[in-house]
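Each chain is listed here by its residues.
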Amino acid sequence: AEQEWVDTQSYNLVINAWAKSGGSNSDATRSAEVLLKELENNPRVKPNLLSYSGVIACIAKKNTIDIPRAERILNRCAEMYELGDDDAKPDNVIFNQIINLYSKSGSEGSADHCEVLLSQMQALAAKGNELVVPDVRTYNLVLTAWANEVGPTEAEKVLDRLDSHEGLQPNSISYITCMDSYARNGDVDNTLRLLSRMEKAFTNGNLDAKPTRRAYTSALNALAKSQRGDSGQRAEILVANLERQYKAGNEDLKPDTTIYNILIRCHKSSVTRQEKILYKMGKRDVVSYSTVIQSYSQLGGKQAAHKAQQLLDEACKDGLKPNAQLFNSAITAWSRSGAKESPKRAEQLLRRMEDNNIQPNAIVYTSVINAWAKSGEAGSALRCEVLLKLMRVMYKQGSSEMKPNAQTFTTVISAWARSGESDACDHVERLVDTMLKLSEGDKDMAPNVYTMSAAVDAYARAGGRGAASKANDLVKRLEAIGVKANLQTYNALISVYGNSQQMGSPQMAESILTKLEESKDIMPTVVSYTSVVNAWAKSSEKDKARRSQQILERMKSLHVKGMIGDKPNTFTFTAVINACATTYGADQEERSEAFRIAYNTFKELTECDYASPNHVTYSTFFRAIGKLVPHSEKRDSIVSASFRLCCRDGLVDENSFFHLKNAASPELFADLMATDSIVYDDLPMDWKCNVKATPRSRSRVNE
């Protein structure tokens, strides 16, 4: 009696129980297969179609799906049927199970496998198996396979085959699957073309192709992905069409929160328009607010940060439960605001997260660290390092989401580089050493080229005689583990030599520039050349004026030949003039040569069409005149002409005013000022209208 009770249905119930239990457990699949094997070998009961289908369902739920294994189960089902087990007659459902597995995998050859299975179904149907006739789902799965493995063009070919099929016609899923494939590539034109084709098919009587809200969602996603300038405008038209159809009675097309969220994304270039849509939509969610807040965070500036914070507060008032991403966007807005209070605001938001039981992650902490790093506030670098240490402690205590990475460490290194603290380089060295030690067991902690550049920048800002050798040693250490220096690194190294005060430092800076010029991978920029000129200007080399001019001429020549992209700019010309102005202790002949270079460089800058003097240029040129040209009528003539240009350009700043006083004779100064006693504040506004705000001395220049 017991033997009779254990029938095929009983076996199937247990097989299905294993499938429902979570086939990710390998024991579940193995147990299901054992039961199937028992059925196949049992002389009294035989497996049926559901038995094989249940085992395939179990395989499908595994974390790593063994598709060939599932296909072997299908083949065993077909063999049992051929051996006379009519209950094991394959149908399109079991074939669709296997096609679905290949379709989802997107692996190489998966689409071809689906086509083979489709052909097998058609062959079996031609032999009289009416259960295995491919249906619309079969074609949709094959279509999906082509979309996932190859792309939308091949997927649409399957849609065309389905469209021309005698017994079948595409449904909304067929069209939407193709549209999604185009949308993933940001292909707006083809996505909208398929939407139009879908609408036409429905109008012509294919009721299964009725355009749904999901179809419009796909079209909007294409616009959001495309980054086209007219994406927002075209998305507005689509949504307006949906709203119009909904008001006309089509309940299925009622725009929902998802629709409006995508519409917000389509207006990437207009946060104002995004905010209007946010307030227009009926039901807002965390994604709605997060998208707009993120746009404000990318905008930068204090006002944008305040708007981001305001929207975060509104989201909370709306009864929404904000997540880490929402807070992180607001924190990022403060970190990019440039506001004095930005780090404190960012940290307040961090504490607010914790007070609301929202677990911050490494991204949030890194954003707060970034806010402190950019603030320049006294003690900000130390605060960055404290936050980093806190992250490491929480990670060691089991909070995996708090794991810092190379970006976090690099941000702290950048903070020390900008800090101006006397021990900044010591902190940088310790942080790099920590990264190297941690990277032995965790590659996420390995220093990268950004770490290298930030560390070298710290030495460049610190200056001093030992800075250059320490920076070089660090670069060699990181190159030894595979870090390849980039342009930013080389420019920072040039600056290190410029600030190092070592003998031969300008020659070393120039050798790096030569290396860049000879490189096939990195092209030097105007920053590279200007930094080398500055290195010469800061040196005590006798021929630095001539060497600086040679760098300028070399840059111009290489640009004309098309070997570099940049032209010299105002800073490059001014740096050459500065090299001349700081030619100390030379004989009169050398001073005369230095002034000739300064004068010609200044004249070229005033006459060229791609750069013009700024207030620093004029100040530096007045200084060069005062240092290099003996008192004479010629000197007064040059001073007078240069000052009139400076007044015309509205670039008389305090330094220009000071060096003018030193360069001009008392008589000329009194003539230019129309008085022999004047302070900077009393100068006409049009003489200084184009000077950027700088701290100004109130003392009289003649005191």
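Here the structure is a predicted model, which means the values were calculated and not measured.

Peer 1: Just checking my understanding: could you explain the overall build of the protein chain for this structure?
Peer 2: Helix and strand counts for the protein chain stand at 36 helices and zero strands. Scaling as 2.2 N^0.38, a compact globule of 703 residues should have a C-alpha radius of gyration of about 27 Å, whereas the protein chain reaches 37 Å, well beyond that. Taking all 703 residues of the protein chain together, 51% fall into the buried category. Sequence separation of at least 24 residues holds for 66% of the intrachain contacts in the protein chain that already meet a minimum separation of 6.

Peer 1: Looking at this structure, how should I read the packing of helix α13 (residues 231–247) against helix α14 (residues 257–266)?
Peer 2: Packed helix pairs are characterised by how far apart their axes lie and by the angle those axes make with each other. Interaxial distance between α13 and α14 falls to 8 Å at its minimum, and their mutual angle equals 160 degrees. It follows that α13 is roughly antiparallel to α14 by the angle criterion. Crossing of α13 over α14 shows left-handed handedness. Residues Ser-231, Gly-232, Ala-235, Glu-236, Val-239, Leu-242 and Glu-243 of α13 form the contact with α14, whose participating residues are Ile-259, Tyr-260, Leu-263 and Cys-266. Residues of the contact of α13 with α14, tallied by class, amount to seven nonpolar, two polar and two charged.

Peer 1: How should the packing of helix α32 (residues 615–628) against helix α34 (residues 654–663) be read in this particular structure?
Peer 2: Here α32 crosses α34 at 20 degrees, and the two axes come no closer than 8 Å. Classed by the angle they form, the pair α32 and α34 counts as roughly parallel. Crossing hand, α32 versus α34: left-handed. Of the residues in α34, those in contact with His-615, Tyr-618, Ser-619, Phe-622, Arg-623, Ile-625 and Gly-626 of α32 are Asn-655, Ser-656, His-659, Leu-660 and Ala-663. When its residues are assigned to classes, the contact of α32 with α34 shows five nonpolar, six polar and one charged.

Peer 1: What should I look at first to understand the layout of surface pockets in this one?
Peer 2: By rolling a water-sized probe across the atoms, one finds the places where empty space is left. Estimates place the volume of the largest pocket at around 590 Å³. In this structure, the largest pocket is lined by 27 residues; those nearest its centre are Asn-370, Gln-407, Thr-410, Thr-411 and Ser-414. Only α18 (324–335), α20 (362–375), α22 (406–419), α24 (449–462) and α26 (487–499) provide two or more residues apiece to the lining of the largest pocket. When its residues are assigned to classes, the lining of the largest pocket shows seven nonpolar, 15 polar and five charged.

Peer 1: Which parts of the structure should I look at to understand the nonpolar core?
Peer 2: When a protein is soluble and globular, its nonpolar side chains tend to lie buried together. The biggest cluster of nonpolar side chains holds 214 residues, and the ones touching the most others in it are Val-456, Ile-625, Phe-643, Val-652 and Met-673. Residues contacting Ile-625, with those up to four places away along its chain left out, are Phe-595, Arg-635, Ile-638, Val-639, Ser-642 and Ala-663.

Peer 1: When you look at the pattern of salt bridges in this model, what are you seeing that I'm missing?
Peer 2: Within this structure, the stated rule accounts for 42 salt bridges. A salt bridge links Glu-510 to Arg-554, with the shortest nitrogen-to-oxygen separation between them at 3.0 Å. Placement of Glu-510 in helix α27 (residues 505–518) and of Arg-554 in helix α29 (residues 544–560) is noted, with a sequence separation of 44 residues between them. When its relative accessible area of 12% is taken as the criterion, Glu-510 is described as buried. Taking the relative accessible area as the measure of exposure, Arg-554 reaches 23% and is therefore partly exposed. A single network of salt bridges, built from pairs that share partners, joins Glu-156, Asp-160, Asp-163, Arg-193 and Arg-197.

Peer 1: Would you explain the environment of Val-532 in this entry?
Peer 2: Structurally, Val-532 is set in helix α28 (residues 526–537). The spacing of Val-532 and Met-508 is 24 residues in sequence and 9.2 Å in space, taken between C-alpha atoms. Once you skip the residues sitting within four places of it in the chain, Val-532 turns out to touch Ile-494, Ala-509, Glu-510, Leu-513 and Ile-551.

Peer 1: Just checking my understanding: could you explain the packing of aromatic side chains for this structure?
Peer 2: This model, assessed by the stated rule, comprises eight aromatic pairs. Each ring, one from Phe-595 and one from Tyr-599, has its centre 6.2 Å from the other, and the planes form 40 degrees; the classification is tilted. Of this pair, Phe-595 and Tyr-599 both sit in helix α31 (residues 588–607), four residues apart, roughly one helical turn. Of the residues examined, Phe-595 reaches a relative accessible area of 10% and is grouped as buried.

Peer 1: I keep staring at the side chain of Glu-40 and nothing clicks. Help me out?
Peer 2: You can see Glu-40 is positioned in helix α3 (residues 26–41). The class for Glu-40 is buried, based on a relative accessible area of 13%. In this structure the side chain of Glu-40 is engaged in a polar contact, spanning 2.8 Å, whose partner is the side chain of Arg-76.

Peer 1: Hey, could you run me through the side chain of Thr-570 in this one?
Peer 2: Inspection of the secondary structure puts Thr-570 in helix α30 (residues 570–581). Accessibility expressed as a relative area gives 14% for Thr-570, which makes it buried. In this view, Thr-570 contacts Leu-605, Ala-611, Ser-612, Pro-613, Asn-614 and Thr-617; residues no more than four positions away in its chain are not counted.

Peer 1: Honestly, unusual backbone geometry in this entry has me stumped. Any pointers?
Peer 2: Leaving glycine out, the prevailing phi sign among residues is negative, and the prevailing peptide bond configuration is trans. Here Gln-227, not a glycine, exhibits a phi torsion of approximately 60 degrees, which is positive. Inspection of the secondary structure puts Gln-227 in the loop between α12 (213–226) and α13. Owing to a relative accessible area of 65%, Gln-227 belongs among the exposed residues under this scheme. The phi torsion at Asn-357 lies on the positive side, around 60 degrees, for a residue other than glycine.

Peer 1: Could you clarify how one ought to interpret the confidence of the model for the protein chain in this entry?
Peer 2: Detail in the predicted coordinates should be disregarded across regions flagged by low pLDDT. Looking at the protein chain, pLDDT values average 92 and 97% of them are 70 or higher. Below pLDDT 50 for its whole length, residues 1–5 participates in four contacts with residues either more than four positions away or in separate chains. This model gives residues 694–703 a pLDDT under 50, and the stretch forms 19 contacts once residues within four places in sequence are excluded.

Conventions used here
- Residues numbered from 1 in each chain as written.
- Predicted model: local features only at pLDDT ≥ 70, side-chain atom pairs only at ≥ 80, totals over all residues.
- Heavy atoms only, no water.
- Helix = DSSP H or I, 4+ residues; strand = E, 2+ residues; numbered from the N terminus.
- Rg over C-alpha atoms; globule rule 2.2 N^0.38 Å.
- Buried < 20%, exposed > 50% of the residue type's maximum accessible area, 1.4 Å probe, protein only.
- Contact = heavy atoms within 4.5 Å.
- Axes fitted to C-alpha atoms, helices over the stretch in contact; angles between N-to-C directions.
- Parallel < 35°, antiparallel > 145°, perpendicular 65-115°, else oblique.
- Left-handed = near helix turned anticlockwise from the far one by under 90°.
- Nonpolar A, V, L, I, M, F, W, Y, C, P; charged D, E, K, R; others polar.
- 1 Å grid on protein atoms, 1.4 Å probe; cavity = no way out; pocket = protein on both sides within 12 Å on 5 of 7 lines; lining within 4 Å.
- Points joined across faces, edges and corners; volume = space filled by probe spheres on them.
- Core = buried A, V, L, I, M, F, W, Y, C linked by side-chain atoms within 4.5 Å.
- Salt bridge = Lys/Arg side-chain N within 4 Å of Asp/Glu carboxyl O.
- Phe/Tyr/Trp six-rings, centres within 6.5 Å; stacked < 30°, edge-to-face > 60°.
- Polar contact = N/O pair within 3.5 Å; in protein donor to acceptor, adjacent residues only side chain to side chain.
- pLDDT = per-residue confidence, 0-100.

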